[in-house]
Amino acid sequence: MIAAKTVHSVFERCDPHALSSRSGARSIIGSACEALGAPARLMTEYDFGRHGRSLVAILDDSHCSLHIWPDESRAVFEIFTSGGADVTGILSSAASSLGAVRTEVRSNAREFTPEAVSPYPHFPEYVLARTPLGTFAPAEYRRGVGRAYILEPEAISWQSFFASDSYAPPPGKDILLLHPCSWAKPYDFSHFISQLRGITDQFPRIHRAIISNVGVVPFEYQLNEFFCSYDYVDLAQDQSDEQRRAMTEEFRTVTGERIEAYLRAHSDDYSAVVLLGHPVGGGYWETVSRVARELKKPGFQAPSAATYREATLAAAHDRDIDAPLFAPDSLGELERRVKSLLKAVDAAAGGADG
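A brief look at the structure comes next. (Residues numbered from 1 in each chain as written. Predicted model: local features only at pLDDT ≥ 70, side-chain atom pairs only at ≥ 80, totals over all residues. Heavy atoms only, no water.)

**Describing the overall build of the protein**
- Tallying secondary structure elements over the protein gives 10 helices and 15 strands in all.
- Computed over C-alpha atoms, the radius of gyration of the protein comes to 22 Å, within 12% of the 20 Å expected from 2.2 N^0.38 for 354 residues, which places it in the range of a compact globule.
- Along the first, second and third principal axes, the C-alpha set of the protein runs to 65 × 45 × 35 Å.
- Pairs at least 24 apart in sequence give 73% of the contacts found in the protein among residues at least 6 apart.
- Summed over its atoms, the accessible surface of the protein is roughly 16,500 Å², and 52% of this surface lies on carbon and sulfur atoms. (Helix = DSSP H or I, 4+ residues; strand = E, 2+ residues; numbered from the N terminus. Rg over C-alpha atoms; globule rule 2.2 N^0.38 Å. Contact = heavy atoms within 4.5 Å. Areas by Shrake-Rupley, 256 points an atom, 1.4 Å probe, with all protein chains shown as cover.)

Here's what the structure looks like:
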């Protein structure tokens, strides 16, 4: 059993100059790592321009994250540790560095036993595994949106693993299909993705990877607790249009980077790349197609604009924004184009062998 605690702190009315200092933010994270008593195995920093920045450090048995919003004079600092470090001292130092006038702190302590890698009972195609980097407390149900969610330390840890040589797709699956996640969890047992599987299960070479709020999730890992315990419904009804636009852009930026990192890491594993996505502005086809061209991988996005328009009208009653992607016409088009793609891939491979 591992004894651990999570401490979540919100710093309000911070000094604007301290919030805008990149070196100051890095110093806070560096001091926290030193106080936690272990070198960082992974450090990640995202700069969102005038909307702030986020820093995440993952240690062997601890992690900490700092999210800064200069426009709101606010920062959120979270520490998870299974050691005996003086977390109070870390938070006090961070609050002082940021010039916080008001601080709110929440803490909880738990014991847990990390699980080893194993197949999911009765479903051998799924994999259960402890988080690849560091030690993380059992996932708790999260409902909301925003930077602190999409850049959770455990999400960073999983994405670093999936976009590395340590992870490889299942043998024989050389056609990557990227598709949206679902409100219901696990993804594969939701209504929409069950319909998608009615198509993709016909093609054993397809390897599905889910584009989710927590990153790119290879289908075989989706039953791990972290990927089953979130629902990022937009609850921030009091936000301005500008704040919503900024939040949407933050999500697209981080997710686009994760997709690109995954594609580049597994260039040798896939023969082609397919995206089931919205053929409208702000989608991910621009990123996927650009990287696929650079890697010389064929592929396509489905549905087409014409099919999508018809599917959108047919699904007008559905609140789920992704409903048109899983409409019968959209999935029918996906099936037809996958068949053509497989023929083209095999023909190209035959020509190369000859």
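The structure having been displayed, the exposition proceeds.
**Structural notes on the pattern of salt bridges**
- Evaluation of the coordinates by the stated rule reveals 18 salt bridges.
- Residue D188 pairs with R197 through a salt bridge whose shortest N-O separation is 3.9 Å.
- You can call D188 buried: its relative accessible area is 1%.
- One salt bridge in this structure joins E333 and R337, with 3.4 Å as the shortest N-O distance. One end of the pair is E333 and the other is R337, both in helix α10 (residues 328-353) and four residues apart, which spans about a single turn.
- Residue class for E333 comes out buried when judged on its relative accessible area of 7%.
- Overlapping salt bridges, with partners in common, bring together D188, R197, D201 and R208 in one network. (Salt bridge = Lys/Arg side-chain N within 4 Å of Asp/Glu carboxyl O. Buried < 20%, exposed > 50% of the residue type's maximum accessible area, 1.4 Å probe, protein only.)

**Details of a nonpolar patch on the surface**
- Taken together, the side chains of Y120, F123 and F189 present a nonpolar region at the surface, about 260 Å² in accessible area.
- Residue position: F189 is located in the loop between β10 (175-180) and α6 (191-200). (Patch = residues over 30% accessible without salt bridge, like charges linked within 9 Å, V, L, I, M, F, W, Y side chains within 5 Å.)

**A look at α6**
- Within the sequence span of α6, burial applies to F192, I193, L196, R197, I199 and T200. All buried residues of α6 fall inside an arc of 150° around its axis, so they share one side. (Arc of directions from axis to C-beta.)

**Looking at helix α5 (residues 153-162)**
- A large share of α5 lies buried, amounting to nine of its 10 residues.
- Buried within α5 are the following residues: P153, E154, A155, I156, S157, W158, Q159, F161 and F162.
- Contact partners of the buried residues in α5: β2 (42-47), β3 (53-58), β4 (62-69), α4 (147-150), β12 (215-218) and α7 (241-265).

**Thoughts on the packing of helix α2 (residues 22-36) against helix α3 (residues 87-98)**
- Packing of α2 against α3 leaves a shortest axis separation of 10 Å and a crossing angle of 165°. Judged by the inter-axis angle, α2 sits roughly antiparallel to α3. Remark: the crossing between α2 and α3 carries right-handed chirality. Across the interface between the two elements, I28, A32, A35 and L36 from α2 touch I90, A94, S97 and L98 from α3.
- Tallied by class, the residues present in the contact of α2 with α3 amount to seven nonpolar, one polar and no charged. (Axes fitted to C-alpha atoms, helices over the stretch in contact; angles between N-to-C directions. Parallel < 35°, antiparallel > 145°, perpendicular 65-115°, else oblique. Left-handed = near helix turned anticlockwise from the far one by under 90°. Nonpolar A, V, L, I, M, F, W, Y, C, P; charged D, E, K, R; others polar.)

Just geometry here; none of it tells us what the structure is for.
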